[in-house]
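Examining the three-dimensional arrangement
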Amino acid sequence: MNGKIARIVAEKNFGFITGTDGVDYFFHKSALINESSFDKHLEKRSVTFEAGEATKGPRAESVYVD
């Protein structure tokens, strides 16, 4: 699925992606495939990811920053 990073919470190593389906997906820093830095510069960047479901809601895995 495609989307854009909506928000990064760098101090807690997580963020949220808004998918093209309009759903907000939680993701952890460890889900990033091709990006080593994790800070505000990632916000609004386009991504490709695998959508999944966690206990607390939608989750993004295998996040590739375009």
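In this report, we go over the structure that sits alongside the text. (Residues numbered from 1 in each chain as written. Predicted model: local features only at pLDDT ≥ 70, side-chain atom pairs only at ≥ 80, totals over all residues. Heavy atoms only, no water.)

So, the nonpolar core
Using the following cut-off: For this analysis, a nonpolar core means a set of buried residues of the types Ala, Val, Leu, Ile, Met, Phe, Trp, Tyr and Cys, connected via side-chain atoms within 4.5 Å. Exposure classes here rest on a 1.4 Å probe applied to the protein chains alone. A residue is buried below 20% of its type maximum, exposed above 50%, and partly exposed in between. The secondary structure listing takes helices from DSSP runs of H or I that are at least 4 residues long and strands from runs of E that are at least 2 residues long, numbered from the N terminus. We call two residues contacting when some pair of their heavy atoms lies within 4.5 Å.
Counting 14 residues, the largest nonpolar core has Ile17, Phe27 and Val63 as the members making the most contacts within it. If you list the elements that add at least two residues to this core, you get strand E1 (2–9), strand E3 (24–28), strand E4 (46–54) and strand E5 (57–65). A total of 3 residues in this core trace back to one element, the largest contributor, which is E5. With residues up to four places along the chain from it excluded, the contact list for Val63 reads Ile17, Phe27, Ala31, Leu32, Ile33, Asn34, Val47, Thr48 and Phe49.

Quick word on unusual backbone geometry
Phi angles above zero are rare outside glycine, and Asn13 is one such case at about 60°. Its place among the elements puts Asn13 in the loop between E1 and strand E2 (14–19). When its relative accessible area of 30% is taken as the criterion, Asn13 is described as partly exposed. The phi torsion at Lys44 lies on the positive side, around 75°, for a residue other than glycine. With respect to the helices, strands and loops of the structure, Lys44 is situated in the loop between E3 and E4.

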